[in-house]
Amino acid sequence: MKGRPFELAYSFHFGILTDVFTLKAVNIGKKFGERIVFSAINLNLNTGDSVAVTGPNGSGKTTLLKVLVKLLRPSSGEVQFQDDDRVLDDDSVRARISFVAPYLNLYDQLTGEENLKFFAAVRGGNITGKEVESLLAEVGLARRGLDLVSTYSTGMKQRLKYAVALSGHPQLLFLDEPMSGLDDSGQAVVASIINKLRAECIIILATNEKEEYAFGQKQCRLGQ
Amino acid sequence: MGKSSAGLASKSLAVYVKDLRLELRSRFGLNAVFMFGITTLAVVSFALGQASLSPKILGALFWIIIFFSAMSGLAQVFVREEEQQTALTLRLTADPDAVFLGKLCFNFSLLIIMAAVITPLFFVFTDAPTAGAINFLVILVVGMIDLGAATTLIAAIISKASVKGALFAVLAFPILLPMLIALTLSSEKILAGESLGEVSKLLQFLIAYAIVMITASILLFKYVWQE
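No experiment lies behind these values; they were computed from the predicted model shown.

### As for the overall build of chain B
Link 1 in the chain: If you tally the helices and strands in chain B, you get nine helices and zero strands.
Link 2 in the chain: Reading the helices (α) and strands (β) of chain B from amino to carboxyl end gives α-α-α-α-α-α-α-α-α.
Link 3 in the chain: Once the C-alpha set of chain B is aligned to its principal axes, its extents read approximately 60 × 35 × 30 Å.
Link 4 in the chain: When the 227 residues of chain B are sorted by exposure, 50% land in the buried category.
Link 5 in the chain: Counting contacts in chain B only where the partners sit at least 6 residues apart, residues at least 24 apart contribute 84% of the total.
Link 6 in the chain: Accessible surface for chain B amounts to roughly 10,000 Å². Of this, 71% is attributable to carbon and sulfur atoms.
Link 7 in the chain: Across chain B, the 15 positively charged side chains and the 13 negatively charged ones have centroids separated by 7 Å.

Okay, here's the thing in structure tokens:
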């Protein structure tokens with residue numbers, strides 16, 4: 001079994017005064033069968049940190065994000081979430097994560113509003129009509145909330161995913177190809193969301209677009 | 001953060017209402033169930049003509065129709081999530097227990113609607129005796145709970161496979177066999193004019209089966225639902 005000539009380990013901290021949320025990935029690796037996607041990745045991120053995961057196609061960017069949010073189990077190592085040094089269980093972590101990605105679909109046969117209300121409800125929260133309106137307005141879907149998502153364009157669906165992400169008041173924001181399918185105004189909306197959440201979230205984004213690297217304070221390059 | 005039962009109930013309700021809404025808009029499950037059920041009933045009716053059937057055959061025939069109709073629609077609840085690529089989003093945001101309970105309740109609802117349509121038609125087409133209708137209804141409701149409890153977890157397992165339809169029936173059959181035998185025997189006795197007291201042992205078995213299946217499914221579901 002031959003691994004990729006790749007190992008990455010870094011850790012950085014920023015001074016946050018309250019409610020410090022920490023993501024620790026210790027020596028994580030992932031392989032599918034005999035194929036090693038990545039190995040020995042160490043991350044130690046606190047609220048306010050942001051990382052751009054980059055690398056060529058097939059280097060494991062999406063897989064790394066899925067492992068970090070526990071959609072996939074790592075083949076080695078461990079991912080841990082802490083709130084002020086208290087290790088969080090899966091339920092607590094789930095309530096704090098928002099993830100926007102092209103492969104994470106919303107329900108086509110529900111309206112935009114119904115999607116927002118549903119995901120707020122399964123997270124255990126409650127969302128008022130005013131909050132729904134304000135979220136839809138924030139992502140530029142103010143007059144389309146009552147339409148079925150199946151009638152939305154790709155870019156509008158992507159905008160709605162950001163509204164759903166915001167409705168979860170995330171402490172950890174994962175973005176895979178964050179600008180995928182968006183026009184210029186959609187990209188401006190996403191940039192403003194990232195900047196708004198930067199101080200209160202850990203943001204991890206996977207991208208191949210050089211202009212999006214700047215959203216991360218640090219870069220994590222895979223497949224080197 | 002502890003998992004309160006009120007929180008779990010409201011999350012499960014959200015999943016249930018969402019599935020119900022999706023079903024009413026797409027009618028995937030209902031169409032599949034009714035198409036199979038009504039077609040089978042029509043074929044049976046034409047084949048039998050004026051022939052009078054014994055309670056033994058009627059009981060078996062009824063549960064064969066219910067079993068295969070259910071097999072054609074119950075898996076939809078998870079298959080739809082996988083095919084429309086919403087399963088990952090749900091996995092990421094929802095408590096697995098809430099997902100299971102919501103979908104279990106949805107499958108119960110689908111089975112009750114299916115039984116409410118197919119059962120009266122069965123009695124009309126086959127000229128089955130209606131004297132013990134209330135007792136038959138009790139067996140039917142317990143049977144629907146058993147069927148839903150035993151198949152919801154299997155639906156979650158097969159939703160990730162490439163050949164879903166055939167696999168569902170194949171995987172479900174050995175688990176459902178004891179329940180189907182008990183249901184067929186109790187229905188046969190009820191149709192022959194016996195009281196619920198006379199089938200109490202079978203009824204106890206069917207209730208115990210539902211409890212075991214629901215408990216085991218809740219314990220196992222998160223392992224099936226995750227990667």
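We are not done yet, so read on.
### Regarding the overall build of chain A
Link 1 in the chain: When helices and strands are tallied, chain A shows six helices and 10 strands.
Link 2 in the chain: For chain A, the C-alpha radius of gyration of 18 Å lies close to 17 Å, the compact-globule estimate for 224 residues.
Link 3 in the chain: Taken over the C-alpha atoms alone, chain A extends approximately 55 × 35 × 30 Å along its principal axes.
Link 4 in the chain: In chain A, buried positions account for 55% of the 224 residues.
Link 5 in the chain: For chain A, contacts bridging at least 24 residues in sequence account for 74% of all contacts bridging at least 6.
Link 6 in the chain: Accessible surface for chain A amounts to roughly 9,700 Å². Of this, 49% is attributable to carbon and sulfur atoms.
Link 7 in the chain: Counting 26 positive and 26 negative side-chain charges, chain A places the averaged centre of each group 5 Å from the other.

### Quick word on the packing of aromatic side chains
Link 1 in the chain: Scanning the model with the defined rule gives 19 aromatic pairs over all chains in all.
Link 2 in the chain: Look at Phe36(B) and Phe68(B): their rings are 6.2 Å apart centre to centre, the planes differ by 35 degrees, and that puts the pair in the tilted class. Of this pair, Phe36(B) sits in helix α2 (residues 28-48) while Phe68(B) sits in helix α3 (residues 55-73); the two residues are 32 residues apart in sequence, bridging distant segments of the chain.
Link 3 in the chain: The partly exposed category is assigned to Phe68(B), whose relative accessible area is 39%.
Link 4 in the chain: Members of the aromatic cluster, each reached through a chain of ring pairs, are Phe62(B), Trp63(B), Phe122(B), Phe123(B) and Phe136(B).
Link 5 in the chain: If you follow Lys66(A) out to its NZ or CZ, it ends over the ring of Tyr103(A), 4.6 Å from the centre.
Link 6 in the chain: The cationic tip of Lys103(B) hangs over the ring face of Phe78(B); the distance from NZ or CZ to the ring centre is 5.3 Å.

### A few points about the packing of helix α4 (residues 129-138) of chain A against helix α5 (residues 154-167) of chain A
Residues and elements named next belong to chain A.
Link 1 in the chain: The geometry of α4 relative to α5 is characterised by a closest axis approach of 9 Å and an angle of 135 degrees between their N-to-C directions. In terms of their interaxial angle, α4 and α5 are classed as oblique. Crossing of α4 against α5: the hand is right-handed. Residues Leu135, Leu136 and Glu138 of α4 pack against Leu160, Ala163, Leu166 and Ser167 of α5.

### A closer look at the interface of chain B and chain A
Link 1 in the chain: Each partner contributes to the interface: chain B provides 24 residues, whereas chain A provides 29 residues.
Link 2 in the chain: Remark: the boundary between chain B and chain A carries two salt bridges.
Link 3 in the chain: Salt-bridge contacts for Glu114(A) lead to Arg21(B); the nearest nitrogen and oxygen are separated by 3.7 Å.
Link 4 in the chain: The tally of links between chain B and chain A comes to eight residue pairs in polar contact (both at pLDDT 80 or more).
Link 5 in the chain: Every element with two or more residues in the side of chain B that touches chain A is listed here: α1 (5-26) and α5 (87-93) of chain B.
Link 6 in the chain: Per element, the largest residue contribution to the side of chain B that touches chain A is seven residues, and it comes from α1(B).
Link 7 in the chain: Grouping the constituent residues of the side of chain B that touches chain A by class yields nine nonpolar, six polar and nine charged.

### Describing the environment of Leu141(A)
All names here are of chain A.
Link 1 in the chain: As for its placement among the helices and strands, Leu141 is situated in the loop between α4 and α5.
Link 2 in the chain: Owing to a relative accessible area of 2%, Leu141 belongs among the buried residues under this scheme.
Link 3 in the chain: Residues Leu141 and Gly29, 112 residues apart in the sequence, show an inter-C-alpha distance of 39 Å.
Link 4 in the chain: For Leu141, the residues in contact, after removing those within four places along its chain, are Leu136, Tyr152, Met156, Arg159 and Leu160.

### Comments concerning the confidence of the model for chain A
Link 1 in the chain: Of all residues in chain A, 91% have pLDDT values of 70 or greater, and the mean over the chain is 87.
Link 2 in the chain: Between residues 1-18 of chain A, whose pLDDT stays under 50, and residues either more than four places distant or in other chains, the model counts 46 contacts.

### Looking at the side chain of Asp83(A)
Residue and element names in this part refer to chain A.
Link 1 in the chain: Take Asp83: it is sitting in strand β5 (residues 76-83).
Link 2 in the chain: For Asp83, a relative accessible area of 9% corresponds to the buried category.
Link 3 in the chain: Side-chain polar atoms of Asp83 contact the side chain of Arg96, separated by 2.8 Å.

### Re the environment of Ala161(B)
Link 1 in the chain: Looking at the element boundaries, Ala161(B) is found in the loop between α7 (133-158) and α8 (164-191).
Link 2 in the chain: C-alpha separation for the pair Ala161(B) and Met114(B), spaced 47 residues apart in sequence, amounts to 26 Å.

### Some words on the pairing of β5(A)
Residues and elements named next belong to chain A.
Link 1 in the chain: Bridging between strand β2 (residues 21-32) and β5 involves seven bridges; their strand directions are antiparallel. Paired with Ala25 across the bridge in β5 is Val79.
Link 2 in the chain: Remark: two residues form the turn of the hairpin made by β5 and strand β6 (residues 86-87), two consecutive strands paired antiparallel; Asp84 in that turn has positive phi of roughly 50 degrees.

Parameters and conventions
- Residues numbered from 1 in each chain as written.
- Chains lettered and ligands numbered in written order.
- Predicted model: local features only at pLDDT ≥ 70, side-chain atom pairs only at ≥ 80, totals over all residues.
- Heavy atoms only, no water.
- Helix = DSSP H or I, 4+ residues; strand = E, 2+ residues; numbered from the N terminus.
- Buried < 20%, exposed > 50% of the residue type's maximum accessible area, 1.4 Å probe, protein only.
- Contact = heavy atoms within 4.5 Å.
- Areas by Shrake-Rupley, 256 points an atom, 1.4 Å probe, with all protein chains shown as cover.
- Lys, Arg positive; Asp, Glu negative; His and termini not counted.
- Charge placed at Lys NZ, Arg CZ, Asp CG, Glu CD.
- Rg over C-alpha atoms; globule rule 2.2 N^0.38 Å.
- Phe/Tyr/Trp six-rings, centres within 6.5 Å; stacked < 30°, edge-to-face > 60°.
- Lys NZ or Arg CZ within 6 Å of the ring centre and 35° of its normal.
- Axes fitted to C-alpha atoms, helices over the stretch in contact; angles between N-to-C directions.
- Parallel < 35°, antiparallel > 145°, perpendicular 65-115°, else oblique.
- Left-handed = near helix turned anticlockwise from the far one by under 90°.
- Salt bridge = Lys/Arg side-chain N within 4 Å of Asp/Glu carboxyl O.
- Polar contact = N/O pair within 3.5 Å; in protein donor to acceptor, adjacent residues only side chain to side chain.
- Nonpolar A, V, L, I, M, F, W, Y, C, P; charged D, E, K, R; others polar.
- pLDDT = per-residue confidence, 0-100.
- Pairing = 2+ DSSP bridges.

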